[in-house]
Amino acid sequence: MKKYIAPLIMFLIFETVALTLWLTKDNLFYLFNFSYIGISIATGLFLFIRKYKYARRVVQLLVGLYMLVYLGVICQENMQIEGFWYYLFTGVFEATTIHYAVAKIFGPLVFGRGWCGYACWTAMVLDFLPYKVPQAPRKKLGWIRYITFAASLVFVAELFLAHVGNLERIMFWAFIIGNVLYYAVGIVLAYVFKDNRAFCKYICPITVFLKPMSYFSLLRIKCDKDKCVSCGKCKRICPMQVDMTDNSRKRENGTECILCMECVRNCPKNAL
Ligand code: SF4
Ligand code: SF4
Ligand code: SF4
């Protein structure tokens, strides 16, 4: 039973967040929301331990679809970055701001870019494309993320400065149009660069938060140098082109690791 402690701990962490937010904010939604996410992640970990090949994909679909369809389309909560700015400017510390604080700003100090590997609804679709392993070296295009990040901030700031009315409605349509754009750009880039995660590497504005925070991540892939035979298989199959054989925090593309565990599953020496 010892090996099932990790999913249990993960479930308990989320349940603690769920109960705390439910009781402090007197809103049953938080109990349902974080319990559901905790159960989804714990299920994925359980399946991973049972060596089920698609464990990560199960979590991605459970969490990603819930956020996209239920929270985004049905509840009309803009969970994109412009929604974060919007709720921040209005001073509302509710679902989207809490989501950003937990999953994308402070959470990465503990679980790195786990969000990107297990919950993001953009990557949930991109991961179905054929280029799971990049077919070419990484391009020096990471600067684009700062432009999309600034554009999202300027877009929301201008709405406020211009005193535009019916902002809730605009935010809902920004969510729908933004997602369609993300999917379109993400799919085109994946085919152009032969890399499913090209959008994540060059365009995604959320990485401006994710990368610096995940640099300090508690949870990270480590290499046992005594077992490693330097075969290079792990680096060949990594979707984010991380040098996981280097244990330093400054390792190549270290802040890109999405904890997909492909390197761990494929290491012939169990060195990771
Ligand atoms: S980098 Fe952006 S698009 Fe990619 S998985 Fe992370 S949050 Fe999603
Ligand atoms: S796959 Fe394993 S043994 Fe091969 S280089 Fe990577 S860590 Fe070392
Ligand atoms: S293959 Fe390993 S190093 Fe690469 S993203 Fe997945 S977990 Fe991280």
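About the criteria used
Counting restarts for each chain: residues are numbered from 1 in the order of the written sequence. Written order determines the labels here, with chains lettered from A and ligands numbered from 1. Only residues with pLDDT of at least 70 are given local features in this predicted model, and only at 80 or more are side-chain atom pairs given and counted; all residues enter the totals for whole chains, interfaces and linings. All residues are tested the same way: a C-beta atom is placed from the backbone, and lying within 6 Å of a molecule or strand makes the residue near it. Comment: elements are numbered from the N terminus, with helices defined as DSSP H or I runs of at least four residues and strands as E runs of at least two. Residues are sorted three ways: Asp, Glu, Lys and Arg are charged, Ala, Val, Leu, Ile, Met, Phe, Trp, Tyr, Cys and Pro are nonpolar, and all the rest, Gly among them, are polar. Orientation is described by axes fitted as lines to C-alpha atoms, over the contacting stretch for helices, and by angles from 0 to 180 degrees between their N-to-C directions. For this classification, under 35 degrees means roughly parallel, over 145 means roughly antiparallel, 65 to 115 means roughly perpendicular, and everything else is oblique. By the convention adopted here, residues are in contact when the distance between their C-beta atoms, placed from the backbone, does not exceed 7 Å. Note on scores: pLDDT gives the predictor's confidence for each residue, bounded by 0 and 100. Counting other C-beta atoms within 10 Å of each residue's C-beta, where C-beta atoms are placed from the backbone, gives the exposure class: buried for 20 or more, exposed for 12 or fewer, partly exposed between. We define a nonpolar core as a collection of buried residues of the types Ala, Val, Leu, Ile, Met, Phe, Trp, Tyr and Cys that are connected via C-beta atoms lying within 7 Å of each other. These domain limits were set by an automatic method or by a database of domain assignments.

Looking at the site of ligand 1
Here comes step 1: Around ligand 1, a shell composed of Cys116, Cys120, Thr122, Ala123, Phe199, Cys200, Cys204, Ile206 and Thr207 is seen.
Here comes step 2: Only α8 (121-126) and α11 (198-202) provide two or more residues apiece to the shell around ligand 1.
Here comes step 3: Tallied by class, residues from the shell around ligand 1 come to seven nonpolar, two polar and no charged.

Observations concerning the packing of helix α2 (residues 28-49) against helix α3 (residues 55-74)
Here comes step 1: With their axes 8 Å apart at the nearest point, α2 and α3 run at an angle of 170° to one another. The angle between the axes of α2 and α3 places the two elements in the roughly antiparallel class. Of the residues in α3, those in contact with Tyr36, Ile37, Ser40, Ile41, Thr43, Gly44, Leu47 and Phe48 of α2 are Ala55, Arg56, Val58, Val59, Leu62, Val63 and Tyr66.
Here comes step 2: Taken together, the residues of the contact of α2 with α3 break down into 11 nonpolar, three polar and one charged.

Observations regarding the confidence of the model for the chain
Here comes step 1: On average, residues of the chain score 92 in pLDDT, and 100% of them reach the 70 mark or higher.
Here comes step 2: The lowest-confidence element of the chain is helix α5 (residues 95-105), averaging 82 in pLDDT; the highest-confidence one is α11, averaging 97.

Considering the environment of lysine 51
Here comes step 1: In this fold, lysine 51 is placed in the loop between α2 and α3.
Here comes step 2: The exposure class assigned to lysine 51 is exposed, which follows from the 8 C-beta atoms found within 10 Å.
Here comes step 3: Between the alpha carbons of lysine 51 and methionine 67 there is a distance of 26 Å; along the sequence they are 16 residues apart.

Re the environment of lysine 3
Here comes step 1: Looking at where lysine 3 falls in the secondary structure, it is placed in the segment before α1 (5-25).
Here comes step 2: For lysine 3, a count of 9 C-beta atoms within 10 Å corresponds to the exposed category.
Here comes step 3: The spacing of lysine 3 and phenylalanine 46 is 43 residues in sequence and 9.0 Å in space, taken between C-alpha atoms.

Describing the nonpolar core
Here comes step 1: Counting residues in each nonpolar core, the largest one holds 63 residues, and the members touching the most others are Phe14, Ile41, Val63, Cys116, Cys120 and Phe199.
Here comes step 2: If you tally residues by element for this core, the top one is α2, at seven residues.
Here comes step 3: Ignoring any residue separated from it by four or fewer positions in sequence, one finds cysteine 116 in contact with Ala123, Cys200, Leu210 and Ile258.

Observations regarding the domain arrangement of the chain
Here comes step 1: Parsing the chain into structural domains produces domain 1 (81-214) and domain 2 (221-272).
Here comes step 2: Averaged C-alpha coordinates put domain 1 and domain 2 at centres separated by 26 Å.
Here comes step 3: Listed as interface residues are 14 residues of domain 1 and, on the opposing side, 10 residues of domain 2.
Here comes step 4: Broken down by secondary-structure element, the contributors of at least two residues to the side of domain 1 that touches domain 2 are α7 (114-118) and α12 (207-214).
Here comes step 5: The dominant element in the side of domain 1 that touches domain 2, judged by the number of residues it contributes, is α7, at three residues.
Here comes step 6: Looking at the side of domain 1 that touches domain 2, its residues break down into three nonpolar, five polar and six charged.

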